[in-house]
Amino acid sequence: AKGGGRNGLAFFTEDMREKSFERRRLLNDLYDALQEGQFELHFQPALELQSGVIHKAEALVRWRHPAFGMISPDRFIPLAEESGLIFDLGRWILQEAARVSVRWNAQGTSPFRKQISVNLSPVQFLNGHYDAIVMDQLSLQGCQPGLIAIEITEGLLLDDSEAVRSQLNNLRAAGIQVALDDFGTGYSAMSYLKKFSMDYLKIDRSFVQDMVDADSNKAIVEAIIVMAHRLGMKVIAEGVETMVQAQLLRDAGCEYVQGYLYSRPLPEDDFLNFAASAHSP
Ligand code: C2E
Ligand code: CA
Ligand code: CA
Ligand code: CA
C-alpha cells in the first residue's frame with residue numbers, strides 16, 4: 001500500500017485499514033469502559049417555547065476514553081449495537097438516568113419538571129420483552145415511570161413491528177412517554193406514524209436549520225407540526241440555533257425547542273446551574 005497505486009485503490013485500502021484498525025481498538029476498549037466507569041450522561045434541556053420553562057432534559061451519553069478523550073456517541077453507539085454491548089450499556093444508561101431523576105426529585109427545589117428523556121437503540125427491543133426490563137430497572141432505582149421518557153428512531157421499524165408495537169404500548173400504559181426521534185430522516189416516517197402511537201414527535205435538526213433559507217423546508221416543518229397535532233402528538237424541534245428559527249417555529253405552533261440557542265448538553269452540575277438561572281414556571 002505504498003504510493004498512489006494504479007487506480008487509487010492503494011490509497012483507498014490504506015484509509016480503510018486505518019478505519020478498521022480504529023474500529024477494532026475502540027471495540028476492544030468498549031468492553032472495559034463500562035467496568036472502568038468511563039461513561040457519563042450529559043443533559044440538554046428541552047424548553048417550552050412560549051414560556052421558556054424547562055420541560056425535560058435529554059440524557060446524552062459520553063465516553064471519556066483514557067487515551068482519546070471524549071468520544072461522540074455517533075462513533076461508539078453503532079459499535080455497541082453491532083457487538084451486542086448495547087444491552088449492558090443501555091442498561092447502565094437507563095439506570096443512571098433513573099438515579100439522576102430520583103435525585104433531582106428528592107431535592108425538590110429546582111424550578112423545572114424533572115423528567116429525563118433517554119435514547120433507546122432499536123436493537124434493545126429485539127429480545128421481545130424490553131418493556132419488562134425497562135420497568136424492572138426503574139423500580140430497582142425507585143423511579144416513577146412518569147419521570148422517564150424514551151426516544152426512539154425510525155430505524156426501529158423492524159420486520160416484527162407487532163412485537164415492537166406491543167412493547168411500546170406497554171411502556172406507555174405504564175406511564176412512560178414515548179418520543180419519535182429524528183423525524184423526517186428515515187424512509188418510512190409515515191408508515192411509522194400509522195403503526196405506532198406516541199406522545200412526542202421530534203423534528204430532525206436538518207429541517208429546522210434549513211427553514212430559514214428554503215421555503216420548501218419551512219413548508220415541510222409547518223406540515224409536520226399540523227400533522228403531529230392532528231395525531232395527538234406534541235412537537236419538539238431539535239437543533240434550534242438562532243432566534244429566527246425559534247420565531248418561525250413559534251409561528252408554526254411548535255410547543256418545545258431544543259438546541260444550542262438555549263443550551264448545549266451539559267454535565268449534571270452545569271445543567272442544574274442552568275436550570276436554576278432559567279425562568280421558573
Ligand atoms: P439525537 O438523539 O438526535 O441527539 C441530538 C444530538 O444533536 C446530540 O448529539 C446533541 O448534542 C446534538 N445537538 C443538540 N442541539 C444541537 C444544535 O443546536 N445544533 C447541532 N448541530 N447539534 C445539536 P450527540 O450527543 O453527539 O448524540 C448523537 C446521537 O447519538 C444522538 O442523536 C443519539 O442518536 C445517539 N445517542 C446519544 N446518547 C445516546 C444514548 O444514551 N443511547 C443511545 N442508544 N443513543 C444515544
Ligand atoms: Ca434523541
Ligand atoms: Ca434527534
Ligand atoms: Ca440522531
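See the structure printed just above.
Computed from a prediction, not measured in an experiment: that's the story for all the values here. (Residues numbered from 1 in each chain as written. Chains lettered and ligands numbered in written order. Predicted model: local features only at pLDDT ≥ 70, side-chain atom pairs only at ≥ 80, totals over all residues. Heavy atoms only, no water.)

Chemist: Go over the overall build of the protein chain, please, and point to the residues and values.
Modeler: Counting its regular elements, the protein chain contains 10 helices and 9 strands. Looking at the protein chain residue by residue over its 281 residues, the buried ones come to 46%. Nonlocal contacts in the protein chain, meaning residues at least 24 apart in sequence, comprise 67% of its contacts between residues at least 6 apart. For the protein chain, the computed accessible surface area is about 14,100 Å², with 51% contributed by carbon and sulfur atoms. (Helix = DSSP H or I, 4+ residues; strand = E, 2+ residues; numbered from the N terminus. Buried < 20%, exposed > 50% of the residue type's maximum accessible area, 1.4 Å probe, protein only. Contact = heavy atoms within 4.5 Å. Areas by Shrake-Rupley, 256 points an atom, 1.4 Å probe, with all protein chains shown as cover.)

Chemist: Outline the coordination of the calcium ion (ligand 3), supporting the account with residue identities and numerical values.
Modeler: All of the protein donors around the calcium ion (ligand 3) are Asp 181 (OD), Asp 182 (OD), Glu 238 (OE) and Glu 238 (OE); their distances to the metal are 2.1 to 2.5 Å. Considered as a linear motif, the donors of the calcium ion (ligand 3) on their single chain read D-D-x55-E. The distance between the calcium ion (ligand 3) and the calcium ion (ligand 2) is 4.0 Å, with Asp 181 acting as a donor to both metals. A residue pair is termed long-range when its members are at least 10 positions apart, and Asp 182 in strand S6 (residues 177-183) and Glu 238 in the loop between strand S8 (234-237) and helix H9 (243-251) qualify at 56 residues. A relative accessible area of 12% means that Glu 238 is categorised as buried. (Donors = N, O, S within 2.8 Å, 3.2 Å for Na, K, Ca; no water.)

Chemist: I'd like to hear about the site of ligand 1, residue by residue, with values.
Modeler: Neighbouring ligand 1 are 23 residues, the closest being Gln 44, Arg 62, Arg 205, Glu 241 and Tyr 260. The side chain of Arg 62 places a nitrogen or oxygen atom 2.8 Å from an oxygen atom of ligand 1. Considered on its own, ligand 1 offers 800 Å² of accessible surface; in the complex 85% of this is hidden by protein. Residue assignment for the shell around ligand 1 shows that the elements contributing at least two residues are strand S2 (54-65), helix H2 (73-83), S6 and helix H7 (205-210). With 4 residues, S2 is the largest single contributor of residues to the shell around ligand 1. (Near = heavy atom within 4 Å. Polar contact = N/O pair within 3.5 Å; in protein donor to acceptor, adjacent residues only side chain to side chain.)

Chemist: Report on the packing of helix H4 (residues 130-140) against helix H5 (residues 161-173), specifying residues and quantitative values.
Modeler: Close contact between H4 and H5 brings their axes to 8 Å; oriented N to C, the two are set at 30°. Between H4 and H5, the interaxial angle falls into the category roughly parallel. Contacts between H4 and H5 involve Tyr 130, Asp 131, Val 134 and Met 135 on the former and, on the latter, Ser 166, Gln 167, Asn 170 and Leu 171. (Axes fitted to C-alpha atoms, helices over the stretch in contact; angles between N-to-C directions. Parallel < 35°, antiparallel > 145°, perpendicular 65-115°, else oblique.)

Chemist: Explain the pattern of salt bridges to me, using residue names and the numbers behind them.
Modeler: One side chain can pair with another of opposite charge once the charged atoms of both are near each other. In this structure the tally under the stated criterion is 13 salt bridges. The shortest N-O distance in the salt bridge between Glu 151 and Lys 202 comes to 2.9 Å. With Glu 151 in strand S5 (residues 148-153) and Lys 202 in strand S7 (residues 200-203), this residue pair connects regions lying 51 residues apart in the sequence. We note that Glu 151, like Lys 202, is buried. One salt-bridge network, held together by shared partners, links Glu 58, Glu 151, Lys 202 and Glu 238. (Salt bridge = Lys/Arg side-chain N within 4 Å of Asp/Glu carboxyl O.)

Chemist: Could you give me a rundown of the environment of Met 227, with the residues and numbers involved?
Modeler: On the secondary structure map, Met 227 appears in helix H8 (residues 215-230). Sequence separation between Met 227 and Asp 88 is 139 residues; the distance between their C-alpha atoms is 37 Å. Not counting chain neighbours up to four residues away, the residues in contact with Met 227 comprise Phe 183, Met 190 and Leu 193.

Chemist: Explain the coordination of the calcium ion (ligand 2) to me, and be specific about the residues and the numbers.
Modeler: Bound to the calcium ion (ligand 2) on the protein side are Glu 58 (OE), Asn 119 (OD1), Glu 151 (OE) and Asp 181 (OD), at distances that span 2.2 to 2.3 Å. Within one chain, the residues donating to the calcium ion (ligand 2) are spaced in sequence as E-x60-N-x31-E-x29-D.

These values are about where atoms sit, not about what they do.
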